[in-house]
Amino acid sequence: MNGQQNSKDNSHSVSVEARHLSKSFSGVPVLKDLNFEVRRGEIFVIMGPSGSGKSVLLKHIIGLETPDKGEILIDGESIQTEGVMDKYRMAMVFQSGALLNSLSVGENVGLYLTEHQLKPPEEIRRIVAEKLELVGLKGLEERSPGELSGGMKKRAAIARALVIEPQLILYDEPTSELDPLMAVTIGEEILNLKNRTHVTSIVVSHDRDLAFGIADRIAIINEGKILFIGTVDEVKNHSDPLIKKFIHADLTQNKT
Amino acid sequence: MFQNIGEMVLLFCRTLGALRTAFRHRQKIYDQLFEIGNASLLMACILSLFIGGVLALQAGSVLVERGLGNVIGGMVGVSMAKELGPVMMSILIAGRVGSAMAAEIGSMRAYQEIDALRTMNINPIHYLVLPRVIAIACALPLLVIFSVMVGWFGGALVSTYNQMINIGFQAYFNNLRQVVDIGDVLNGLIKSFAFALVIGVVSCHQGLHTIGGPRGIGRSVTKAVVNSIVLILILDYFLTRLLMSFDL
């Protein structure tokens, strides 16, 4: 998916476009004719209720799923075209972190460089230490993923994505299962990364605070369809009852 | 079923296609070799000792009654080398190693580790399947040689110390040397190599196609072991028939 890299300018980010994207599983439609564009270097947050197709959409963008209809374009090129996925450096931070349990944290973070033999071992060790320090996990190279907390796993997964020096980074529920402080830290990491490298970021999240804090634009998705795409203010002030209900859902209101 | 067989053949072909990257994955192959050998040696020893022993006991008591006690060595020797060594060891390894392979790859699939590999442009067949298939294809024939020798020794112990048989070490091994030739051992090795490929491919295939969480992993493990054993027993007949035509 992320090509024979390093020949490209690191600051070069990519645009992403979905055209008439549809997908069904066992006859049940999950994505229904989705159309949207993510601009270069922006943080695009996809929000929506559970089961609305957000994670499936993310898997389509990185090529883990193939659409029944439609296509995903990266910088105007369809990812179904031979060799296109290899042209761009893309990374995904999974909801669970998806660190390989059989490897140490350091081995996980350096896995991409090791497996593609892109750097000598000493250089890989240096890069791994640098990326782990960047996400606040300095000195944890030898730990096993099982010894890390949920937040640390997510940050290690972000460090693993950073090693790729991605042009496009996808985050699947980056703050789920995290306490508010850790959620803020992860949000800051996503913002810092964008400011530092101008990487295009697509974030799938339920977390309104995170979305309002980091998004350049937000897409609201429900039952496989995009209801609205707009800036944070546009989403907050939207009059559609379904969007209002989702954005302003509050347990304390129900109590009174 | 036919879809499964087709997928397994495809996986096998892709694994063969990945052989050129084997040197790059040598460390993972060593790790798997150690895992398979270390996990199975003691079990192989106990299993083979008793298989050889029970063969000598069952056949010996009948043969001695008919005055044919001196052929026990050859009978145990050929049975262990050509049939029981390869088949029993393969069944043991399918249960011990194949299940572990399916469980490990299955849990990686269930917890998105394989997806993570794919997003890093790391081919799961190169990274996970190839080292396991190479390791088991090297380890199983070696374990079979070990198993055959321990089985012969088990037969010798029973033939010597069982009061009903009591033919002695010397007579047992003299007959074994006369009857068993290198072709018999080669026959067992060829079979065990083929069985190893079956176990490796079936188990990795089941792991890679795991659906769901812990229950899905459990299902994959069961299927990996059962399918491996069924395929081993079917393949055993056809391989035996084929090798017979080559005088092996």
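Residues numbered from 1 in each chain as written. Chains lettered and ligands numbered in written order. Predicted model: local features only at pLDDT ≥ 70, side-chain atom pairs only at ≥ 80, totals over all residues.

Student: Help me understand the overall build of chain A, please; the structure alone is not making it clear to me.
Tutor: Helix and strand content of chain A: 10 helices and 10 strands. In terms of overall size, chain A behaves like a compact globule, its C-alpha atoms giving a radius of gyration of 18 Å where 256 residues would be expected to give roughly 18 Å. C-alpha extents for chain A along the principal axes are approximately 55 × 45 × 35 Å. (Helix = DSSP H or I, 4+ residues; strand = E, 2+ residues; numbered from the N terminus. Rg over C-alpha atoms; globule rule 2.2 N^0.38 Å.)

Student: Just to check I follow, could you spell out the confidence of the model for chain A for this structure?
Tutor: Regions with low pLDDT carry predicted coordinates that are not meant to be interpreted in detail. Residue and element names in this part refer to chain A. For chain A, mean pLDDT is 87; residues scoring 70 or higher make up 93% of the total. Averaged pLDDT values for the elements of chain A fall to 59 in helix H10 (residues 251-255) and rise to 95 in helix H3 (residues 105-115). Note that residues 1-10 has pLDDT below 50 and, in this model, 25 contacts with residues that lie over four places away or in other chains. (pLDDT = per-residue confidence, 0-100. Contact = placed C-beta atoms within 7 Å.)

Student: I tried to follow the environment of Phe94(A) on my own but got confused; where do I start?
Tutor: Mapped onto the elements, Phe94(A) comes out in the loop between strand S6 (90-93) and H3. For Phe94(A), a count of 24 C-beta atoms within 10 Å puts it in the buried group. For the pair Phe94(A) and Ala157(A), spaced 63 residues apart in sequence, the C-alpha to C-alpha distance is 7.6 Å. Those residues in contact with Phe94(A), other than ones at most four positions away along the chain, are Ala157(A), Asp172(A), Gln112(B), Asp115(B) and Ala116(B). (Buried ≥ 20, exposed ≤ 12 C-beta atoms within 10 Å, placed from the backbone.)

Student: How do you make sense of the sheet that holds strand S4 (residues 69-74) of chain A when you look at a structure like this?
Tutor: Residues and elements named next belong to chain A. One open sheet accounts for 4 strands, arranged S2-S1-S4-S5; its pairing is antiparallel. On the outer flanks of this sheet lie strand S2 (28-38) and strand S5 (77-78), each paired with one strand and no other. Relative to S4, strand S1 (residues 16-25) runs antiparallel, the two being bridged by 5 bridges. Paired with Ala-18 across the strands is Ile-72, a residue of S4. (Pairing = 2+ DSSP bridges.)

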